[in-house]
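# Observations on the three-dimensional arrangement
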Amino acid sequence: MKKVVIAFLISIFVVPFAFGQRELIHALPSKLGFDATYLNQKVDSIMQMGIDSLAFPGAQLLVAKNDTVIFHKAYGFHTYDREQPVATNDLYDLASVTKITGPLPALMKLVDEGNLDLDAPFSTYWTPWQHVKNKKDLTLRQILAHQAGLVPYIVFLQKAMRKNGTVKKRFLRHEQHRKFQKQAYTDLFVNAHFERKMDRIINRSKVSEEKKYMYSGLTFLIFPRLIEQITGTDYQTYLEQNFYHPLGCHTLGYLPTQKRYVNAIVPTEVDTLYRKNLVQGWVHDENASLLGGVSGNAGLFGTADDLAKIMLFYQNFGNVDGKQLISKEIVKEFTTVQFPENDNRRGLGFDKPLLDNADLPLEEAYPSPLASASSFGHSGFTGTFVWADPEKRLTFIFLSNRVNPSREHRQLYDLNIRTALMDVFYKAEKINP
């Protein structure tokens with residue numbers, strides 16, 4: 001009888017926290033040595049300033065110390081009509097944060113397993129580049145560190161639309177069809193051949209002969225297919241099985257409107273050019289949209305909790321609950337500056353602090369000048385930002401929809417809001433160590 005009772009108690013108290021069902025630990029800031037009054041006053045003030053300055057209609061901030069969440073608050077509303085308040089479990093379009101939470105962990109795992117070599121020509125694996133003169137010798141290390149000289153961005157939408165704002169029916173249609181299966185929006189479907197057209201344009205794109213830092217997202221459009229090619233597994237399935245499920249990221253994924261989430265989805269831009277509507281639940285980035293919403297450059301949606309889990313996973317150098325999903329050595333390699341001699345601050349896929357960041361005043365720094373040189377993260381065009389500092393054991397998740405109602409709203413950058421928020425937490429710990 002005792003064994004039955006023990007088994008029952010284990011099923012109640014242990015199983016919900018088993019591998020793949022992880023939940024974040026929360027504690028008061030004061031329990032981990034922070035001045036809670038200082039934190040709340042400063043963060044509330046900065047967030048209100050952001051809303052008043054039209055930097056965003058609403059936002060939220062989650063901060064963890066060690067593996068414990070010490071701050072998670074939501075501010076403002078989904079839109080400026082002030083109808084729906086921001087909630088801490090809202091889903092956001094992550095934009096370029098997708099790069100380090102979608103294809104990058106998969107690439108890290110494939111390097112760890114010896115299936116990819118950072119210093120071999122990328123064309124070894126992506127064979128269409130083997131006969132492209134200006135790309136055949138580029139290495140994966142150069143590409144991931146934005147040191148390859150690839151053009152930053154190609155507006156593929158120009159190829160799918162006429163100058164009068166109507167869609168080209170050979171590429172986009174308003175109803176699903178045998179050759180138009182990928183869904184770009186509620187009433188827009190993409191021709192299966194458009195992906196090949198995108199590939200051809202990428203193949204013909206220029207490459208700078210001068211190898212210096214130039215941010216480019218082009219190969220992130222390719223990475224999901226490369227991952228499928230090497231693993232023999234559907235890209236989304238591979239991410240779910242190897243990362244999102246083990247980490248307990250319950251809502252992190254693509255195409256949220258196709259899933260039965262109870263979470264509200266925060267809208268992005270009022271698109272007057274392409275979708276002619278308020279974009280909500282569909283990826284904001286047009287290139288990712290033309291790939292059916294599943295891409296390596298953008299397309300992931302998630303909550304602050306999901307992002308905290310994956311950034312803590314990185315901060316712990318690939319370890320989760322004692323299980324090493326990616327080797328410590330590989331995570332350290334990817335999160336290390338690769339080409340500092342070329343004034344390039346980037347790691348492999350990850351953004352890093354400015355090389356002289358510690359010596360800069362707050363208004364010129366990126367991120368906080370108090371962040372350690374070992375810290376890393378990424379930002380997203382829609383107004384998202386994630387950062388982990390393994391030395392100081394701090395993790396920051398900032399989510400907003402700064403592109404609402406228009407991407408012309410740039411006050412989030414001009415006011416340096418995300419850096420200022422991060423700085424508050426470094427200083428709060430200093431006040432009350």
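This section reports on the structure supplied with the text. In this convention, every chain numbers its residues from 1, walking through the sequence in written order. Reporting of local features is limited, given that this is a predicted model, to residues whose pLDDT is at least 70; pairs of side-chain atoms are given and counted only at 80 or more, and all residues count toward the totals for whole chains, interfaces and linings. Remark: hydrogens and water are excluded; side-chain values derive from all non-hydrogen atoms of the structure.

## Quick look at the overall build of the protein
To qualify as a helix, a DSSP run of H or I must reach at least 4 residues; to qualify as a strand, a run of E must reach at least 2; elements of each kind are numbered from the N terminus. Each helix and strand in the protein was counted, giving 14 helices and 15 strands. Relative to the globule expectation of 22 Å for 433 residues, the C-alpha radius of gyration of the protein, 22 Å, shows essentially globular dimensions. If you line up the protein on its principal axes, its C-alpha atoms span 60 × 60 × 50 Å. Three labels apply to residues, based on accessible area from a 1.4 Å probe with only protein chains included: buried if under 20% of the type maximum, exposed if over 50%, partly exposed otherwise in between. When the 433 residues of the protein are sorted by exposure, 56% land in the buried category. Here, residues are in contact when the closest pair of their heavy atoms is within 4.5 Å. Restricting to contacts in the protein with at least 6 residues of sequence separation, those with at least 24 account for 65%. Think of it this way: Lys and Arg go in the positive column, Asp and Glu in the negative one, and His and the chain ends go nowhere. A charged residue contributes its charge at one atom only: NZ of Lys, CZ of Arg, CG of Asp or CD of Glu. If the 51 positive side-chain charges of the protein are averaged to one point and the 45 negative ones to another, these points end up 7 Å apart. C-alpha atoms define the radius of gyration, and 2.2 Å times the number of residues to the power 0.38 defines the globule rule.

## A look at empty space enclosed by the protein
In this analysis a 1.4 Å probe is tested at points of a 1 Å grid over the protein atoms alone, and where it fits but cannot get out there is a cavity; an open set with protein on both sides within 12 Å along at least five of seven lines is a pocket; lining residues have an atom within 4 Å of a point. Grid points are joined across faces, edges and corners, and a volume is the space filled by probe spheres set on the points. Within the structure shown, the criterion is met by 4 cavities of 30 Å³ or more. In this structure, the largest cavity occupies an estimated 40 Å³ of space. Looking at the largest cavity, the residues that line it are Leu61, Phe385, Phe396, Phe398, Arg418, Leu421 and Met422. For the lining of the largest cavity, the elements supplying multiple residues, two or more each, are β15 (394-400) and α14 (417-431). The dominant element in the lining of the largest cavity, judged by the number of residues it contributes, is α14, at 3 residues. Residue classes in the lining of the largest cavity are distributed as 6 nonpolar, no polar and 1 charged. The classification used treats Ala, Val, Leu, Ile, Met, Phe, Trp, Tyr, Cys and Pro as nonpolar, Asp, Glu, Lys and Arg as charged, and all other residues, Gly among them, as polar.

## What about a negative patch on the surface?
A cluster of like negative charges, contributed by Asp356, Asp359, Glu363 and Glu364, occupies part of the molecular surface. Residue position: Glu363 is located in the loop between α12 (328-334) and β13 (376-380). Excluding any residue in a salt bridge, patches collect residues exceeding 30% relative accessible area, merging like charges within 9 Å and nonpolar Val, Leu, Ile, Met, Phe, Trp and Tyr side chains within 5 Å. Residue burial considers only the protein chains on display, and all accessible areas are found by Shrake-Rupley using a 1.4 Å probe. What counts as a salt bridge is simple: a side-chain nitrogen of Lys or Arg found within 4 Å of a carboxyl oxygen of Asp or Glu.

## Remarks on the sheet that holds strand β6 (residues 182-185)
One bridge is not enough; two strands pair if DSSP finds at least two bridges between them. Spatial ordering of the open sheet is given by β5-β7-β6, a layout of 3 strands whose pairing is antiparallel. The strands lining the two open edges of the sheet, one partner per strand, are β5 (172-173) and β6. As judged from the 3 bridges shared by β6 and strand β7 (residues 188-190), these two strands associate in the antiparallel manner. Within the sheet, the bridge partner assigned to Tyr185 lies in β7 and is Leu188.

## Thoughts on the pairing of β15
Within a regular beta strand, the side chains point alternately toward one face of the sheet and then the other, so they alternate between its two faces. The element β15 is extensively covered by neighbouring structure, given that 7 of its 7 residues are classed as buried. Across the two faces of β15 the burial is the same, with Leu394, Phe396, Phe398 and Ser400 and Thr395, Ile397 and Leu399 all buried. Between strand β14 (residues 384-389) and β15, which pair antiparallel and follow one another directly, the connecting turn spans 4 residues, one of which, Arg393, has a positive phi of 60°.

## Thoughts on the pattern of salt bridges
With the rule as written, the count across this model stands at 18 salt bridges. The closest approach of N and O atoms between Lys309 and Glu23, which form a salt bridge, is 3.7 Å. Residue Lys309 is located in helix α11 (residues 304-315), and its partner Glu23 is located in the loop between α1 (2-13) and β1 (25-26); the two are separated by 286 residues in the primary sequence. Glu195 is the salt-bridge partner of Lys182, the closest N and O atoms lying 3.0 Å from each other. Of the two residues, Lys182 sits in strand β6 while Glu195 sits in helix α7 (residues 194-204), which places them 13 residues apart along the sequence. Residues participating in the shared-partner salt-bridge network are Lys182, Glu195, Asp199 and Arg225.

## With respect to the pairing of strand β2 (residues 58-65)
Of all 8 residues in β2, 8 are buried; the element is thus mostly enclosed. Side chains Gly58, Gln60, Leu62 and Ala64 of β2 all project onto a buried face; the interleaved residues Ala59, Leu61, Val63 and Lys65 project onto the opposite face, where all are buried too. What sits between β2 and strand β3 (residues 68-76) in their antiparallel hairpin is a turn of 2 residues, with Asn66 showing a positive phi close to 60°.

## Overview of the packing of helix α9 (residues 235-247) against α11
Axis definition: a line fitted to C-alpha atoms, over the contacting stretch in the case of helices. Angles run 0 to 180 degrees between N-to-C directions. Two numbers describe how α9 lies on α11: the axes approach to 9 Å, and their chain directions differ by 105°. Between α9 and α11, the crossing angle belongs to the class labelled roughly perpendicular. Facing Phe243, Tyr244 and Leu247 of α9, the residues of α11 in contact are Lys309, Ile310 and Phe313. Partitioning the contact of α9 with α11 into residue classes produces 5 nonpolar, no polar and 1 charged. Any angle from 65 to 115 degrees is called roughly perpendicular, while one under 35 is roughly parallel, one over 145 is roughly antiparallel, and all others are oblique.

## Thoughts on the sheet that holds β3
Within a sheet, neighbouring strands are paired by backbone hydrogen bonds and run either parallel or antiparallel to one another. Strand order in the open sheet formed by 6 strands is β1-β3-β2-β15-β14-β13, and the pairing between neighbours is mixed. If you trace the sheet from one side to the other, it starts and ends with β1 and β13, each paired once. As paired elements, β2 and β15 share 7 bridges and run antiparallel to each other. Following the sheet pairing, Ala59 is matched in β15 by Ser400. The sheet strands contacting helix α2 (residues 36-52) are β2, β3 and β15, and the helix crosses β3 at an angle near 35°. Here α11 sits on the sheet in contact with β2, β3, β13, β14 and β15, set at roughly 150° to β15.

## Describing the layout of surface pockets
Computed from the structure, the largest pocket encloses a volume of approximately 940 Å³. Taken together, 45 residues make up the lining of the largest pocket; nearest its centre are Ser96, Gly380, Phe381, Arg402 and Tyr413. For the lining of the largest pocket, the secondary-structure elements that each account for two or more residues are α6 (157-160), α10 (286-289), β13, α13 (411-414) and α14. Its residues assigned to classes, the lining of the largest pocket shows 19 nonpolar, 13 polar and 13 charged. Counted as a void, the second largest pocket has a volume near 250 Å³. Considering the residues around the second largest pocket, the lining is formed by 14 residues, among which Arg22, Glu23, Ile25, Asp67 and Asp321 are closest to the centre. Listing elements by their share of the lining of the second largest pocket, those giving two or more residues are α11 and β11 (319-320). Element by element, the count of residues in the lining of the second largest pocket is highest for α11, at 3 residues.

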